[in-house]
Amino acid sequence: MSLEEVKSKINQLSEQLHHYNYMYYVKSESLVSDYEFDMLLKELEALEAQFPELVDANSPSKRVGGTVTKNFESVTHRFPMLSLSNSYSKDEIVEWEARIKKTIEQDIEYVCELKYDGVAIGIRYINGVFHSAVTRGDGAQGELVSSNVRTINSVPLKLKGAFPSDFEIRGEIFLPLQEFERLNQERSAEGLALYANPRNTASGTLKLQDSRMVSKRNLDCYLYGMYEERSSYTSHYQAVLAAGKMGFKVPLAEQRKIEKVKDVNGILAFIDYWDQARKSLPFEIDGIVIKINAYTQQEELGYTAKSPRWAIAYKFQAERVETKIESVTYQVGRTGAVTPVANLRPVYLGGTTVKRASLHNAEQIEKLGLHENDLVYVEKGGEIIPKIVGVNVSKRMTPARRVVFISDCPACNKALTKIQGEAQHYCTHASICPPQVKGKIEHFISRKAMDIDGLGAETIDTLVEKELIRDIGDLYALRFDQLIDLDRMAEKSVNNLLEGISDSKNRPFEKVLFGIGIRYVGETVSKKLAKAFRTIDNIINASYESLVETDEIGEKIAQSIRLFLEDETNIALINKLKAAGLCFETEEQVLSSSILEGQTVVISGTFERISRSEMKKLIEENGGKNGSSISKKTNLLVAGDNMGPSKLKKAVDLNIEMVNEEEFLKRIQYD
Ligand code: IVH
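The paragraphs below set out a description of the structure included in this document. (Residues numbered from 1 in each chain as written. Predicted model: local features only at pLDDT ≥ 70, side-chain atom pairs only at ≥ 80, totals over all residues. Heavy atoms only, no water.)

1. Here's the deal with the overall build of the protein
Operational definition: Helix and strand assignments follow DSSP, with helices taken as H or I runs no shorter than four residues and strands as E runs no shorter than two, numbered in order from the N terminus. Each residue is placed in one exposure class: buried if its accessible area under a 1.4 Å probe, protein chains only, is under 20% of its type's maximum, exposed if it is over 50%, and partly exposed if it falls in between. Should any heavy atoms of two residues lie within 4.5 Å, those residues are counted as being in contact. Per-residue accessibility takes into account occlusion by the displayed protein chains alone, with areas from the Shrake-Rupley method and a 1.4 Å probe. All tallies of charge rest on Lys and Arg as positive and Asp and Glu as negative; His and the ends of each chain are not included. Throughout, a charge is located at the NZ atom of Lys, the CZ atom of Arg, the CG atom of Asp or the CD atom of Glu.
A count of helices and strands for the protein gives 24 helices and 22 strands. Projecting the C-alpha coordinates of the protein onto the three principal axes gives extents of approximately 90 × 85 × 50 Å. Across the 671 residues that make up the protein, the buried fraction comes to 48%. A separation of at least 24 residues holds for 67% of the contacts in the protein among residues at least 6 apart in sequence. Carbon and sulfur atoms make up 48% of the accessible area of the protein, which amounts to about 34,000 Å² in all. Averaging the positions of the 87 positive and the 96 negative side-chain charges in the protein gives two centres separated by 4 Å.

2. A few points about the sheet that holds strand β10 (residues 285-292)
Stated formally: By the convention used here, strands pair only if DSSP detects at least 2 bridges between them. Fitted lines through C-alpha atoms serve as axes, helices being fitted only where they are in contact, and the angles separating the N-to-C directions of these axes extend from 0 to 180 degrees.
Strand order in the open sheet formed by 5 strands is β2-β11-β10-β3-β9, with mixed pairing between adjacent strands. Only two strands of the sheet have a single neighbouring strand rather than two, namely β2 (86-87) and β9 (258-261). Where strand β3 (residues 110-116) meets β10, 7 bridges bridge the pair, whose relative direction is antiparallel. Across the sheet, residue leucine 114 finds its bridge partner in β10, namely isoleucine 288. Contacts from helix α3 (residues 90-103) reach β2, β3, β10 and β11 (311-315) within the one sheet, and its direction differs from that of β11 by about 170 degrees.

3. Concerning the pairing of strand β8 (residues 220-227)
Of all 8 residues making up β8, 6 are buried, and the element is well covered by its neighbours. Across 7 bridges, the pairing between strand β7 (residues 166-174) and β8 is antiparallel. When the bridges of β8 are listed, arginine 170 appears paired with glycine 225.

4. Here we look at the packing of helix α12 (residues 434-445) against helix α13 (residues 457-465)
Using the following cut-off: To sort the angles, those under 35 degrees are grouped as roughly parallel, those over 145 as roughly antiparallel, those from 65 to 115 as roughly perpendicular, and the leftovers as oblique. Note on convention: near helix rotated counterclockwise from far helix by under a right angle means a left-handed crossing. Clockwise means right-handed. Throughout this entry, Asp, Glu, Lys and Arg are counted as charged residues, while Ala, Val, Leu, Ile, Met, Phe, Trp, Tyr, Cys and Pro are counted as nonpolar. The remaining residues, Gly among them, count as polar.
α13 packs onto α12 with a crossing angle of 135 degrees between their chain directions and a minimal axis gap of 10 Å. Judged by the angle between their axes, α12 and α13 are oblique. Crossing of α12 over α13 shows right-handed handedness. Residues Val437, Lys438, Ile441, Glu442 and Ile445 of α12 touch α13, and the partners they reach there are Ala457, Ile460, Asp461, Val464 and Glu465. Of the residues belonging to the contact of α12 with α13, the class tally is 6 nonpolar, no polar and 4 charged.

5. Brief notes about the site of the ligand
Let me state the cut-off plainly: Near, as used in this document, describes a residue that has one of its heavy atoms within 4 Å of the molecule or strand being considered. Polar contacts, as used here, are pairs of N or O atoms within 3.5 Å; protein pairs need one atom able to donate a hydrogen and one able to accept it. Residues neighboring in sequence count only if both atoms are side-chain atoms.
The local shell around the ligand holds 13 residues, among which Leu84, Glu113, Leu114, Glu172 and Tyr224 are the closest. In this structure, leucine 114 approaches the ligand through a main-chain N or O atom, which is 2.9 Å from a nitrogen atom. A distance of 3.1 Å is found between a nitrogen atom of the ligand and a backbone nitrogen or oxygen belonging to tyrosine 116. Protein contacts shield 90% of the accessible area of the ligand, which totals 520 Å² for the unbound molecule.

6. Considering the packing of aromatic side chains
The line we're drawing: Think of it this way: a Phe, Tyr or Trp ring, Trp meaning its six-membered ring, pairs with another when their centres are within 6.5 Å, and the plane angle makes it stacked under 30 degrees, edge-to-face over 60, tilted otherwise. Note on geometry: a ring has a charge over it if NZ (lysine) or CZ (arginine) is within 6 Å of the ring centre and within 35 degrees of the ring normal.
Throughout the structure, instances matching the rule amount to 19 aromatic pairs. Members of the aromatic cluster, connected to one another through ring pairs, are Tyr116, Phe174, Tyr222 and Phe283. Sitting above the plane of the tyrosine 273 ring, arginine 256 keeps its charged end 4.6 Å from the centroid. Over the ring of tyrosine 377 we find arginine 320, and its NZ or CZ is 5.4 Å from the ring centre.

7. Looking at the packing of helix α1 (residues 3-25) against helix α2 (residues 34-50)
For the pair α1 and α2, the least separation of the axes is 10 Å and the interaxial angle reads 145 degrees. Here α1 runs over α2; the crossing is left-handed. Across the interface between the two elements, Val6, Lys9, Ile10, Leu13, Ser14, Gln16, Leu17, Tyr20 and Asn21 of α1 pack against Phe37, Leu40, Leu41, Glu43, Leu44, Leu47 and Glu48 of α2. For the contact of α1 with α2, the residue count by class is 10 nonpolar, 3 polar and 3 charged.

8. Describing the pattern of salt bridges
Using the following cut-off: A carboxyl oxygen of Asp or Glu within 4 Å of a side-chain nitrogen of Lys or Arg is what we treat as a salt bridge.
Taken as a whole, this structure holds 36 salt bridges when the rule is applied. Between arginine 182 and glutamate 179 there is a salt bridge, with its nearest N and O atoms 2.6 Å apart. Of the two residues, arginine 182 and glutamate 179 are both situated in helix α5 (residues 177-189); the distance of 3 residues between them amounts to about one turn of the helix. By relative accessible area, glutamate 179 is classed as buried at 15%.

9. With respect to the sheet that holds strand β20 (residues 625-626)
Taken in spatial order, the 4 strands of this open sheet run β20-β19-β21-β22, and their pairing is parallel. With one partner strand each, in any of the chains shown, β20 and β22 (657-660) form the two edges of the open sheet. Helix-sheet contacts for helix α22 (residues 612-621) involve β19 (600-604), β20 and β21 (636-639), and the interaxial angle to β19 is about 170 degrees. Strand contacts of helix α23 (residues 645-653): β19, β21 and β22, with the helix running at about 135 degrees to β22, the strand carrying the most contacts.

10. Some remarks on the nonpolar core
Basically, it comes down to this: What is meant by a nonpolar core is a set of buried Ala, Val, Leu, Ile, Met, Phe, Trp, Tyr and Cys residues, joined one to another through side-chain atoms within 4.5 Å.
Residues Ile441, Phe444, Leu475, Tyr476, Leu529, Ile561 and Leu582 are the most contacted members of the largest nonpolar core, which totals 50 residues. If you list the elements that add at least two residues to this core, you get α12, α13, α15 (491-503), α16 (509-515), α17 (523-533), α18 (536-541), α20 (555-565) and α21 (568-580). Element by element, the count of residues in this core is highest for α20, at 5 residues. Those residues in contact with phenylalanine 444 that sit more than four places away from it in its chain are Ala449, Met450, Asp451, Ile452, Ile472, Leu475, Tyr476, Gly515, Ile516 and Leu582. Core analysis: the second largest hydrophobic core is formed by 38 residues, Tyr237, Ala239, Val250 and Tyr295 among them.

Right, here's the structure in full:
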């Protein structure tokens, strides 16, 4: 190919990918399969690798990230980024509207929108291409986060149709609820503290140094305003419609996410509608924004120092109740982190009865100034996790004692440690502290790690209490005669359990690595480590520097790995597991076929001829990828016995190809 031909091929691929991307992420319409999309992207990436001089900063390949920014540059906003004045009652909205009417004598149109609960962003486009993205900062200056924003699939990198030659569009970046939950599930599996709410997580994500990490978080962005030296439009509504035509994700009138109304009654109806309907939105909103539509009228009303007079936010009341703290207890997680928990007099809040709320750490108790028996205000923080937001000091009993964070572990009575720079207190006596011992075993046997069937939390409790096991290594020494005497253990369950344990010796190295429970080493990191270092001995001998050089491994993870492997108890445990026959090396993966190449396969239920884990292995050996749940990305569902009805429905709804065990085995020519 001549250079010109390459250029035109790159152009053609880019256009195609931009379009598919737009249709999928903005219009929710899938025009090609993930496989086809990935193939086109790979083709583009290959050309770009060969001809780096032809790589465009806004190439669709930039969506996956790849830039590391140590310090975000500070830039001055061309138009100050103001905030909105807030109101918390409908009366205030009525008063605001009445004030507006006094200044503006003509008819007024109001535009009602959702107040997205995320992070504000300003994105500049020059000649129809993404130029830069800046956070709000202090309103006058923000941080340049362009490479991170480029990874957001709903943000166009090239515009369509007609657009002003140089403008800024502002909007809100947010983390969809489903993504937030997925992230927290991952964190919980890794023994990490959970993120408090989607907004903070979105804001933290936007400031990550590695844009590849940002890309994985699947942020989303709604746009809500156009800014130009001289506006090309006459009203806000018109500008939003125009932005939609350029390819931006804007609120749609047919979903009632934006509405033009004539008077305060229209505004109030919109508020009432969303106060209910927000509960089923896939992202969080914290209120409604009302704006005057006509730009001439906006100018007439002008600004205060901080906010425009032509707009106001109505904030939904976070549901809040008052209840009494009956006690504060402390939980020890598998990593030894100690979390204080407030046990509350049960109270009904936002659809559920709340009995407990996390107090997070010692600092939080200090901040609240918590005393025993205090009456506290509880809110559903982000409507997900109940949160104590304050104390009703006027109802405090006198005398009252302050709640003082414990100094010894509630489970093993050893002194707690506070690591500088970390909020949490830790019990560092992992090998004797029962919740840590049990937690580590539970993690080890969990589905995503060693996937040992037949062992539940209760059995683990019993085994630990009866001192049959002290660590994960002891599992492999368990005998039939020890187990059959336990309560509720019939012959069949004992055999199941022993079989499950023995079967786990076939798990690949990466699963073992994840299972041994090194702090911050989750599934992904384990895979990367196993791939990069191949054997546990290589990891044990790896320097901090060589760990940090590994893909996905930063300073914190590297430190944690070193700390774990410098501990003799852990090395002894690894040796014990080695002796039991567990896999501590990456096997060269030999593909039996590439029949499933590019396909994401989900398995469900149980199978007759082979176990679930063998099924997963077969999928990988034939070039496929194992998906954890059914989504648009799933290409094939292997349905076993007892498959859940909701899974089935989802697969049918998404029109996903389904095969049974036999058909599947035939497809991969397994005999
Ligand atoms: S308009 C001059 N519209 O709310 C102010 N803001 O305090 C222009 N926000 O951080 C803002 N949804 O990021 C506007 N539909 C919406 C919004 C919205 C959320 C955020 C905005 C800012 C805060 C305003």
